[in-house]
Amino acid sequence: MKSGEINSLFKNLSKIIKNPRSDLKYKNKFTLLVSVVLSAQCTDVNVNNVTKNIYPKYNKPEHFVKLGRKKIEKLIKSIGLFRNKAKSVYLLSKQLIEKHNGKVPKNFDDLLALPGVGRKTANVVLNEGFGLPTIAVDTHIFRVSNRTGLAPGKNPDQVEQALYKVVPKKYLKDSHHLLLLHGRYTCKSRTPSCKKCVIVKYCKYNQKRL
């Protein structure tokens, strides 16, 4: 995709998506981190339905360490992979207290060192929680990047590196959510809404539904 097309692509997305923010509901940076960990292979809607009853009472690392793994499991049991996620939430809470004074670090490597936190989670927290220009490649962004020809890649890491090279600085901070929300609501996996897509004329997808 040419640089002029890329600029127009993000300009058009910005006009349609007025508030490029996460659909996850959270109270602070810690609960954001927890929600992103819980959202792996799970919809944001399901995570929000569970955490709306948790965060009013439990919203600090100390709270979850005191709860312990078994009680965390009970609180999130309706979420997929709840046992593994409960373990991660408990251990990362413990590590935040022991190594970061209970605060979520504003550093990619420190975030990546937390139990249950991968590149995607670390980048989401830095972008959404700290306002840094990071890009977390989930299934939606991976799909949009490949379909449009914006940043083709065989895996999320390749797409991530390609996006950093082509996304204009002006849109870098918001690009993560612009692409994610476009993928979630318009450029859907099985039934992309190409007829109402605002970037369809720049898209290289050869199976457009026009």
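Peer 1: Whenever I open this one, the packing of helix 1 (residues 3-16) against helix 10 (residues 169-185) confuses me. Can you help?
Peer 2: Helices that pack against each other are described as a pair by the angle of their axes relative to one another and the distance between those axes. One can describe the packing of helix 1 onto helix 10 by two numbers: an axis separation of 10 Å at closest approach and a directional angle of 70 degrees. On the basis of the axis angle, helix 1 is roughly perpendicular to helix 10. As helix 1 runs across helix 10, the sense of the crossing is left-handed. In contact with Asn7, Phe10, Lys11, Leu13 and Ser14 of helix 1, helix 10 contributes Tyr171, Ser175, Leu178, Leu179 and His182. Each residue belonging to the contact of helix 1 with helix 10 can be placed in one class, and the counts come to 5 nonpolar, 4 polar and 1 charged.

Peer 1: Got a minute to help me understand the side chain of Asn12 in this structure?
Peer 2: Inspection of the secondary structure puts Asn12 in helix 1. Here Asn12 falls in the buried class, since its relative accessible area comes to 17%. Those residues within four positions of Asn12 in sequence are excluded, and the remaining contacts are Val198, Ile199 and Tyr202.

Peer 1: Could you clarify how one ought to interpret a positive patch on the surface in this entry?
Peer 2: A contiguous patch of positive charge, built from Lys11, Lys15, Lys18 and Lys170, is present on the exposed surface. Assessed through its relative accessible area of 71%, Lys170 is described here as exposed.

Peer 1: Is there a simple way to think about the pattern of salt bridges in this case?
Peer 2: Where charged atoms from two side chains of opposite charge approach closely, those side chains can pair. By the definition in use, this model includes 7 salt bridges. Linking Arg21 and Glu128 is a salt bridge whose minimum nitrogen-to-oxygen distance equals 2.9 Å. Of the two residues, Arg21 is situated in the loop between helix 1 and helix 2 (29-38) and Glu128 in helix 7 (residues 119-130); the sequence distance between them amounts to 107 residues. Residue class for Arg21 comes out partly exposed when judged on its relative accessible area of 39%. On the basis of relative accessible area, Glu128 is assigned to the buried category, the value being 9%. For the salt bridge of Glu160 with Arg119, the shortest nitrogen-to-oxygen distance reads 2.6 Å. Pair noted here: Glu160 is in helix 9 (residues 156-166) and Arg119 is in helix 7, with a separation of 41 residues, a long-range link.

Each value, and the rule that gives it
- Residues numbered from 1 in each chain as written.
- Predicted model: local features only at pLDDT ≥ 70, side-chain atom pairs only at ≥ 80, totals over all residues.
- Heavy atoms only, no water.
- Axes fitted to C-alpha atoms, helices over the stretch in contact; angles between N-to-C directions.
- Helix = DSSP H or I, 4+ residues; strand = E, 2+ residues; numbered from the N terminus.
- Parallel < 35°, antiparallel > 145°, perpendicular 65-115°, else oblique.
- Left-handed = near helix turned anticlockwise from the far one by under 90°.
- Contact = heavy atoms within 4.5 Å.
- Nonpolar A, V, L, I, M, F, W, Y, C, P; charged D, E, K, R; others polar.
- Buried < 20%, exposed > 50% of the residue type's maximum accessible area, 1.4 Å probe, protein only.
- Patch = residues over 30% accessible without salt bridge, like charges linked within 9 Å, V, L, I, M, F, W, Y side chains within 5 Å.
- Areas by Shrake-Rupley, 256 points an atom, 1.4 Å probe, with all protein chains shown as cover.
- Salt bridge = Lys/Arg side-chain N within 4 Å of Asp/Glu carboxyl O.
- Lys, Arg positive; Asp, Glu negative; His and termini not counted.
- Charge placed at Lys NZ, Arg CZ, Asp CG, Glu CD.

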